[in-house]
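# Per-entry structural report
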There are 2 protein chains.
Amino acid sequence: MVEPLNIALAGLGTVGSGVVRLIETNAELIARRARRPIRIAAVSARDRTKDRGVDLSRYDWEDDTAALAARADVDVVVEMVGGSDGPALALARNAIAGGKGLVTANKAMIAHHGLELAAAAEAAGVALKFEAAVAGGIPVIKGLSEGAAANAIERVYGILNGTCNYILSTMEDTGRDFADVLADAQRMGYAEADPTFDIEGIDAAHKLSILAAIAFGTRLRFDAVETMGISRVKAADIEQARALGYVIRLIGMAGIDGTNGSARLFQRVRPHLVPIDHPLAHVDGATNAVVAEGNFMGRLLFQGAGAGDGPTASAVVADIIDIAKGEKGPAFAMPAAELEAMEPASSGHRVGSSYIRFTVPDRPGVLADITAAMRDAGVSIESLIQKGDPDQDGEVILAVVTHPGPESAVTEAMRILDGSDSLAGRPLVMQIIGA
Amino acid sequence: MVEPLNIALAGLGTVGSGVVRLIETNAELIARRARRPIRIAAVSARDRTKDRGVDLSRYDWEDDTAALAARADVDVVVEMVGGSDGPALALARNAIAGGKGLVTANKAMIAHHGLELAAAAEAAGVALKFEAAVAGGIPVIKGLSEGAAANAIERVYGILNGTCNYILSTMEDTGRDFADVLADAQRMGYAEADPTFDIEGIDAAHKLSILAAIAFGTRLRFDAVETMGISRVKAADIEQARALGYVIRLIGMAGIDGTNGSARLFQRVRPHLVPIDHPLAHVDGATNAVVAEGNFMGRLLFQGAGAGDGPTASAVVADIIDIAKGEKGPAFAMPAAELEAMEPASSGHRVGSSYIRFTVPDRPGVLADITAAMRDAGVSIESLIQKGDPDQDGEVILAVVTHPGPESAVTEAMRILDGSDSLAGRPLVMQIIGA
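Identification of chain A as Homoserine dehydrogenase from Novosphingobium barchaimii LL02 is taken from an unreviewed UniProt entry. Taken verbatim from the UniProt record of chain A, the Sequence similarities (unreviewed entry) comment is "Belongs to the homoserine dehydrogenase family."

This is the structure in structure tokens:
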């Protein structure tokens, strides 16, 4: 057997401990597939004494990640410290500058600094890999950059945040409202104490920006992802959607609008209505799923566990095995310098159907005001459902589905209605995905 | 830009023409992702004059595939001739022996001769790749051998034949019977004039044997795949299954039974009942889907177009791009000599629930005979549905679902009933997949 690949692990939270457990459990199998053993040379974390359920005594301990990255006996540093900047970024820069390969599950760091790190890795001739940063255990980065490599990707979209999908599908199953289900999810550990990153769509936006760069060969533009979370989705929306043949999912979607000189990068994370005959409509619980549509392969779907120590460790170690086999191609499937700097698209130019939920006072004339605004903005209504009885606040839910048309017309209708006393609250607009 | 990768295409049917079209259409993109251009050096097919919808005049023509494989200016031969033996196999052996890489979509050839070809390719130091041989445009071979590389795969199963899935899901949607839907599918070109390979499960068995070798690191055993097709599935079975909360799909399934010294390779293609909340239950039409369950990643699903010139060409060219990037690892994820020779498992040892459909004469005492046989064989009945009215042949359908138990007990019950005048025809047994 040839020389082992020596790795150093920085950060021993649930994912880091999972990586240790995986490498120990499947050691023989990994050595056969990687054509050489994977050896943990050293580990580092904040607290040496904490019980992590794995025996770390056989590995060298470094208190300092800089010392870890500087070790001469390390080929690859596995960064599982977390956070977009700070110690994680310092370690990543350090490791690459020192000629080590870098594997990370850190979506925030890659979304913010992926281009810089990719360029540095290429310059240093080392691998930078982050399969675990997007959709946990699903090999979607490999699937897009290698499996779908022969295709011009037209669109990539999916369910990228397990917490949101758990909340939405539980609301769907139980009829309970958002705040209630979130509180439960927090109690059970499915949602963080501060759930902002998840429920406001930021985590999904991190992942989407990475997928978009790989799918379209464009420079990362996390800053340009139009993002809305799920906190305004009501149980009543889910009920109306179901009556219309849809479920509600938080979808991250990216595509290229226009062609050649006028091409723009479209990236959006928002709750969408998904037709029940679409594969994403059956993705329940904390599962993730990504759809890519290519000009030859058609529609491809990847689905699996989007988080958790086992699935995430599976993706981290797959990257390590690739490096052990000699793979060190560019991180975003083509050299960083060749990635196209593309301006963000305006979503107003997009054409599609929308769902608009109004909360209105229970009095005559409201429907006339709303439909007049829609008419004046050029929005054509396909269906309108008004629930018979006012809710506990004396308000009525009015759900409108539009015929396909420019999204800008819907925005204009909302502008006309802004401040109208026919509205008891801000309307919620959600796009409808085609089947 | 570095030297192009020079390829030769043998066979210009729909897939071969699709490969030419793809390489021409996406040439620039492919060169960026492969880090070098892919150049078609020469082509070969039976009939030079046939109009294939692509302009072949710019490529050298060889009448003889041996001459094609012998060209000094060719790095990789793409075999799209078809057939498990004969010219395809001769070409494959020739190309590899001559130091060329080989890419093929030929599942029959790989199922029968994959081990020999893999060993030859390793000895010659060239790549052998066949992503397109399994599940068309879905990168499932890459997904299993690289994406899931860190995992011990516990089970791999899926919908591997688009023709059968089209027929079963059309029967489901329309209530029509098998022969009727097959005839329509043949008229529309969704099924071959001689559909045996598809509807009898042989095509799916080819693919399953390849998936199993990669997932479990075992030697190919196509001969040991227990295979039953869909021709005996009736519209009434689909109706009963639906009433019980299932759909019927032709499933190829492989796994390892037992451990270490007593480990056996289980491979079976059969129609199964799939619970409606299982992701495979929503795979309709000609779509393929593969599920792999690993000890760390959990359940992973790949879904997409299983056939057609575009998707198949997408997989063929993905393999070519990998080779252009220098990838020439062993064809079955580990060297052919290391693949384990594992004896086939007996399905009788498996434990699960079964659906049994009896066709019985419409007279008293039948139910007593059947339930007595089940009792004597130790089969525990979970539910039993007898349709009220006899069909046009004066026969009644009786559908039984068993509690989980050894499959051998069901086989024994069928043995007891064999020849009984309480049966108007041979019963159909289908396994039920757990959710």
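## Let's talk about the UniProt feature "active site" (unreviewed entry) in chain A
All names here are of chain A. Per the UniProt annotation, the sites labelled "active site" (unreviewed entry) are Lys207. Topologically, Lys207 is positioned in helix 10 (residues 202–216). Classification of Lys207 as buried rests on a relative accessible area of 4%. Residues within four places of Lys207 in sequence aside, it is in contact with Lys107, Ala133, Val134, Ala135, Leu160, Asn161 and Asn288.

## Some remarks on the sheet that holds strand 2 (residues 38–44) of chain B
Residue and element names in this part refer to chain B. Strand order in this open sheet of six strands is 3-2-1-4-5-6, and the pairing throughout is parallel. The sheet terminates laterally at strand 3 (60–61) and strand 6 (128–129), the two strands that pair on one side only. Both strand 5 (residues 101–104) and strand 6 contribute to a ladder of two bridges, which runs parallel. Note on strand 6: the bridge partner recorded for Leu102 is Leu128.

## Here we look at the pattern of salt bridges
A side chain of one charge can pair with a side chain of the opposite charge when the charged atoms of the two come close. Overall, the coordinates contain 62 salt bridges over all chains when judged by the stated rule. Measuring nitrogen to oxygen at the nearest pair gives 4.0 Å for the salt bridge that ties Lys129 of chain B to Glu327 of chain B. Of this pair, Lys129 of chain B sits in strand 6 while Glu327 of chain B sits in the loop between helix 12 (309–324) and strand 13 (351–352), placing them 198 residues apart in sequence. Residue classification places Lys129 of chain B among the buried residues on the basis of a relative accessible area of 13%. Residues Arg155 of chain B and Glu293 of chain B are paired through a salt bridge, measuring 3.1 Å at the closest nitrogen-oxygen approach. Here Arg155 of chain B is found in strand 7 (residues 153–159), whereas its partner Glu293 of chain B is found in strand 11 (residues 287–294), with 138 residues between them in sequence. With a relative accessible area of 21%, Arg155 of chain B lands in the partly exposed category. On the basis of relative accessible area, Glu293 of chain B is assigned to the buried category, the value being 13%. Connected through shared salt-bridge partners, Lys129, Lys142, Glu146, Asp322 and Glu327 of chain A together with Lys129, Lys142, Glu146, Asp322 and Glu327 of chain B make up one network.

## Focus on empty space enclosed by the protein
Over the atoms rolls a probe the size of a water molecule, and in doing so it shows where empty space is left. Here the structure, examined in full by the defined rule, presents three cavities of 30 Å³ or more. As for the largest cavity, its lining consists of Pro279, His282, Leu301 and Gln303 of chain A together with Pro279, His282, Leu301 and Gln303 of chain B. Here the lining of the largest cavity is built from residues that sort into four nonpolar, four polar and no charged.

## A look at the interface of chain B and chain A
Each side of the interface is counted separately: chain B has 48 residues, and chain A has 48 residues. Between chain B and chain A lies a buried interface of about 4,100 Å² when both sides are counted; carbon and sulfur atoms form 55% of it. For the chain B face of the interface with chain A, the top three residues by lost area are Arg32, Arg33 and Phe296 of chain B, together amounting to 19%. Applying the counting criterion to the chain B and chain A interface returns four salt bridges. Counting every contact that joins chain B to chain A gives 21 residue pairs in polar contact (both at pLDDT 80 or more).

## Considering the layout of surface pockets
Residue and element names in this part refer to chain B. If you add up the space inside the second largest pocket, you get close to 1,100 Å³. Considering the residues around the second largest pocket, the lining is formed by 35 residues, among which Val15, Lys107, Glu192, Asp203 and Ala307 are closest to the centre. Elements supplying a minimum of two residues to the lining of the second largest pocket: helix 1 (14–25), helix 5 (107–124), helix 7 (162–174), helix 9 (196–199), helix 10 (202–216) and helix 12. Composition of the lining of the second largest pocket by domain shows at least three residues from each of domain 1 (5–133) and domain 2 (141–305).

## Observations regarding the sheet that holds strand 2 (residues 38–44) of chain A
Residues and elements named next belong to chain A. Pairing is parallel across the open sheet formed by six strands, whose spatial order is 3-2-1-4-5-6. Two strands lie at the open edges of the sheet, namely strand 3 (60–61) and strand 6 (128–129), each paired on one side alone. Sheet topology note: the strand 1 (residues 5–10)/strand 4 (residues 76–79) ladder contains four bridges and is parallel. Along strand 4, the bridge assignment pairs Leu9 with Val78.

## Description of the packing of aromatic side chains
What the rule picks out here adds up to five aromatic pairs over all chains. For the pair Phe302 of chain A and Phe302 of chain B, a centre-to-centre distance of 6.0 Å together with 80 degrees between the ring planes defines the contact as edge-to-face. With Phe302 of chain A in strand 12 (residues 298–305) and Phe302 of chain B in strand 12 (residues 298–305), this pair bridges two chains. Of the two residues, Phe302 of chain A and Phe302 of chain B, both sit in the buried class. Note that Arg350 of chain A overlies the ring of Phe266 of chain A, its terminal NZ or CZ placed 3.5 Å from the centroid.

## Quick notes on the pairing of strand 10 (residues 264–275) of chain A
Residues and elements named next belong to chain A. For strand 10, a buried count of 11 out of 12 residues is recorded, marking the element as mostly surrounded by other parts of the structure. In the sheet, strand 8 (residues 226–227) pairs with strand 10 via two bridges, with the strands oriented parallel. Looking across to strand 10, one finds that Thr227 is bridged to Val269. Inspection of the sheet shows strand 9 (residues 246–257) paired to strand 10 by 12 bridges, in the antiparallel sense. The partner of Ile248 across the bridge, within strand 10, is Leu273. The hairpin turn running from strand 9 into strand 10, its antiparallel successor, is six residues long, and Gly258 in that turn takes a positive phi close to 75 degrees.

## Concerning the pairing of strand 16 (residues 395–402) of chain A
Residues and elements named next belong to chain A. Of all eight residues in strand 16, seven are buried, a share of seventy percent or more. Examined bridge by bridge, strand 14 (residues 354–361) and strand 16 share seven bridges and lie antiparallel to one another. Bridge assignment links Pro361 to a residue of strand 16, and that residue is Glu395. The sheet contact formed by strand 15 (residues 381–386) and strand 16 spans five bridges and is antiparallel. Residue pairing in the sheet places Ile385 in a bridge with Ala399 of strand 16.

What counts and how
- Residues numbered from 1 in each chain as written.
- Chains lettered and ligands numbered in written order.
- Predicted model: local features only at pLDDT ≥ 70, side-chain atom pairs only at ≥ 80, totals over all residues.
- Heavy atoms only, no water.
- UniProt positions renumbered as here; feature names shortened; annotations may be inferred.
- Helix = DSSP H or I, 4+ residues; strand = E, 2+ residues; numbered from the N terminus.
- Buried < 20%, exposed > 50% of the residue type's maximum accessible area, 1.4 Å probe, protein only.
- Contact = heavy atoms within 4.5 Å.
- Pairing = 2+ DSSP bridges.
- Salt bridge = Lys/Arg side-chain N within 4 Å of Asp/Glu carboxyl O.
- 1 Å grid on protein atoms, 1.4 Å probe; cavity = no way out; pocket = protein on both sides within 12 Å on 5 of 7 lines; lining within 4 Å.
- Points joined across faces, edges and corners; volume = space filled by probe spheres on them.
- Nonpolar A, V, L, I, M, F, W, Y, C, P; charged D, E, K, R; others polar.
- Buried area = accessible area lost by both parts, 1.4 Å probe.
- Polar contact = N/O pair within 3.5 Å; in protein donor to acceptor, adjacent residues only side chain to side chain.
- Domains from an automatic or database assignment.
- Phe/Tyr/Trp six-rings, centres within 6.5 Å; stacked < 30°, edge-to-face > 60°.
- Lys NZ or Arg CZ within 6 Å of the ring centre and 35° of its normal.

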